[in-house]
Amino acid sequence: MSVEEITDDIEEVVDDINEIASEPNIKRIPEIDFLKGIAVLSMVLFHIFYMGNMMNMANFPIDSGILHVMARTAQLIFISCIGINLVLSRQKYKDNVEEFHERKTKRVLYMVAVAVIITLLTYLAFPDKYVKFGIVHFAATSVFLLQWIAGSEIAIFSLVLGVLLLESIKHNLIPFFHNNIHPMISFILGIYNPKYNSMDHFSLIPNIAIIGLGMLIGYALYRDVKRKYKEMDNILDPIFNLNNRIIDILQWIGKRSFLVYMIHFPIIYFVYAALKRL
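Cut-offs applied
Residues numbered from 1 in each chain as written. Predicted model: local features only at pLDDT ≥ 70, side-chain atom pairs only at ≥ 80, totals over all residues. Heavy atoms only, no water. pLDDT = per-residue confidence, 0-100. Helix = DSSP H or I, 4+ residues; strand = E, 2+ residues; numbered from the N terminus. Contact = heavy atoms within 4.5 Å. Phe/Tyr/Trp six-rings, centres within 6.5 Å; stacked < 30°, edge-to-face > 60°. Buried < 20%, exposed > 50% of the residue type's maximum accessible area, 1.4 Å probe, protein only. Lys NZ or Arg CZ within 6 Å of the ring centre and 35° of its normal. Core = buried A, V, L, I, M, F, W, Y, C linked by side-chain atoms within 4.5 Å. Polar contact = N/O pair within 3.5 Å; in protein donor to acceptor, adjacent residues only side chain to side chain. Axes fitted to C-alpha atoms, helices over the stretch in contact; angles between N-to-C directions. Parallel < 35°, antiparallel > 145°, perpendicular 65-115°, else oblique. Nonpolar A, V, L, I, M, F, W, Y, C, P; charged D, E, K, R; others polar. Expected span 1.5 Å × (residues − 1). Salt bridge = Lys/Arg side-chain N within 4 Å of Asp/Glu carboxyl O.

### Some points on the confidence of the model for the protein chain
- In the predicted model, the protein chain carries a mean pLDDT of 88, and the fraction of residues at 70 or more is 90%.
- At the level of individual helices and strands, the protein chain shows its lowest average pLDDT in helix α1 (residues 3-18), which scores 45, and its highest in helix α8 (residues 204-221), which scores 96.
- Under a pLDDT of 50 for its full length, residues 1-14 has, in the predicted model, 13 contacts with residues more than four places off or in other chains.
- Every residue in residues 16-26 scores below 50 in pLDDT, and together they form 39 contacts with partners more than four places removed in sequence or on other chains.

### Some thoughts on the packing of aromatic side chains
- What the rule picks out here adds up to 10 aromatic pairs.
- With 6.1 Å between their ring centres and 85° between their planes, Phe144 and Trp148 make a pair best called edge-to-face.
- Owing to a relative accessible area of 36%, Phe144 belongs among the partly exposed residues under this scheme.
- Judged by centre distance (5.8 Å) and plane angle (85°), the ring pair of Phe176 and Phe177 falls under edge-to-face.
- Grouping aromatic residues by their ring pairs yields a cluster made of Phe126, Tyr269 and Phe270.
- For the cation-ring pair, Arg90 lies above Phe100, with the distance from its terminal atom to the ring centre recorded as 5.8 Å.
- Positioned over the ring face of Tyr130 is Lys132, at 4.0 Å from the centre of the ring.

### Some points on the environment of Ala274
- Along the chain, Ala274 turns up in helix α11 (residues 257-277).
- For Ala274 and Pro127, which are 147 residues apart along the polypeptide, the C-alpha to C-alpha distance reads 20 Å.

### Some details on the nonpolar core
- Within the largest apolar cluster, 75 residues are counted, with the highest numbers of intra-cluster contacts made by Met51, Val136, Phe138 and Met215.
- No other element matches helix α3 (residues 65-92), which puts 13 residues into this core.
- Residues contacting Val136, with those up to four places away along its chain left out, are Met111, Val114, Ala115, Ile118, Phe258 and Tyr261.

### What about the environment of Arg72?
- Summarising the element assignment, Arg72 is placed in helix α3.
- It is 15 Å that separates the C-alpha atoms of Arg72 and Ile48, two residues lying 24 residues apart in sequence.

### Topic: the side chain of Lys170
- Residue placement: Lys170 occurs in helix α6 (residues 153-180).
- Judged by relative accessible area, Lys170 falls into the buried class, the value being 19%.
- Among the polar contacts listed, one links the side chain of Lys170 to the side chain of Glu167, at a separation of 3.1 Å.

### What about the packing of helix α4 (residues 97-125) against α11?
- With their axes 12 Å apart at the nearest point, α4 and α11 run at an angle of 10° to one another. One finds that α4 runs roughly parallel with respect to α11. Of the residues in α11, those in contact with Val114, Ile118 and Ala125 of α4 are Phe258, Tyr261, Met262 and Tyr269.
- Taken together, the residues that form the contact of α4 with α11 break down as seven nonpolar, no polar and no charged.

### A closer look at α8
- For α8, which comprises 18 residues, the first-to-last C-alpha distance of 25 Å matches the rise-based estimate of 26 Å (1.5 Å per residue) to within 8%.
- When you tally the buried positions in α8, you get 13 out of 18 residues, the bulk of the element.

### Comments concerning the pattern of salt bridges
- Counted according to the given criterion, the structure contains seven salt bridges.
- A salt bridge links Arg227 to Asp233; the shortest N-O distance between them is 2.9 Å.
- The structure contains a network of salt bridges with shared partners spanning Glu31, Arg227, Asp233 and Asp237.

### Here we look at α6
- Under the 1.5 Å per step criterion, the end-to-end length of α6 is only 34 Å for 28 residues, more than 12% shorter than the ideal 40 Å.
- Those residues of α6 lying buried are Ile156, Val160, Val163, Lys170 and Phe177.
- Looking at the packing, one finds that the buried side of α6 touches α7 (183-189) and α8.

### Quick word on unusual backbone geometry
- Between Ile205 and the following residue, Pro206, the backbone shows a cis peptide bond with an omega angle of 5°.
- Counting through the fold element by element, Pro206 comes out in helix α8.
- The phi dihedral of Asn56 falls on the positive side, at around 60°, and the residue is not glycine.
- Along the polypeptide, Asn56 turns up in the loop between α2 (30-54) and α3.
- Judged by its relative accessible area of 70%, Asn56 falls in the exposed class.
- Its identity as a non-glycine residue notwithstanding, Asp224 has a phi of 55°, on the positive side.

Below, the structure written as C-alpha cells:
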C-alpha cells in the first residue's frame with residue numbers, strides 16, 4: 001500500500017467521525033464544516049482550562065458558566081454531526097449499499113485503533129483517570145451499530161424512542177446489572193457507573209439517541225447529499241460566499257476537525273508540562 005493510499009484511508013476515517021468524504025461530483029456542505037469548526041474551537045478552548053485543572057496548575061470553574069456551556073455545545077454538535085454525516089454517506093452510496101457497509105466497517109476499524117491509542121496514552125499520563133470509553137470509542141461503536149439502520153427513518157426513529165425510554169427507566173435496571181452484568185458493560189451502556197473514573201466518557205445511553213436525532217435531521221434537511229429546500233440555498237449560500245475570514249477559518253477547522261482533536265490535547269498537555277518545569 002502506498003503512502004498516498006494510507007493518507008486517503010486516514011482522511012476517510014476523519015470523514016466518518018465528523019465530515020463527509022469529498023468526491024469529485026459531490027459538493028461539500030459548508031454549514032456542516034462551519035458548525036464543526038465552532039465545536040472544535042469550543043472544545044480546544046475548554047480543554048485548555050480543563051487540562052489546567054487536571055495537572056493541578058489551576059482551579060477553573062469548568063462545571064458551570066461559560067466553560068460548561070462551551071463543552072456541552074461542542075459535544076452536542078459533534079455527536080449530532082456523526083448522525084448527519086452517516087445519513088449523508090448512506091445517501092451517497094444509495095445505489096451500492098454493500099459498498100457503504102464495507103467502507104463503514106473498514107473505517108470503524110481505524111477508529112478503534114485510534115481509540116486504543118487514546119486509552120494507552122491517557123493511561124500513561126493519567127493512570128487514575130485514563131479514557132476507557134471516550135468520544136472516539138463511542139463514535140466507533142455507534143457508527144458500526146447505526147450503519148445497519150441508516151437507510152430507514154422508521155428504524156432510526158424507533159431507536160431514538162427506545163433509547164430515551166431506557167434512559168428514563170435505567171435507574172430500575174441498576175439492581176439487575178449490578179448482580180448479573182460486568183461493571184464495564186454498565187459503564188459503557190450508561191446504566192450506572194459502579195467504580196470507574198475517566199477524564200472522558202460518552203456512554204451509549206443516552207448519547208446514541210443524539211446521533212439518531214442527527215440522522216433524522218440529515219433526512220429532514222438533505223437529499224442525495226444536497227440541501228433539500230431551495231430556501232436553505234437562498235439563506236446559506238450568501239453567508240458562505242461572503243469571503244468572511246472568520247467564517248472561512250471556522251470552515252477550515254471544521255474540515256480538519258478529527259485531526260485537530262487528535263493533536264490538540266497532547267499539545268496542551270506538553271505545554272502545561274513544560275510550564276510546570278519552569
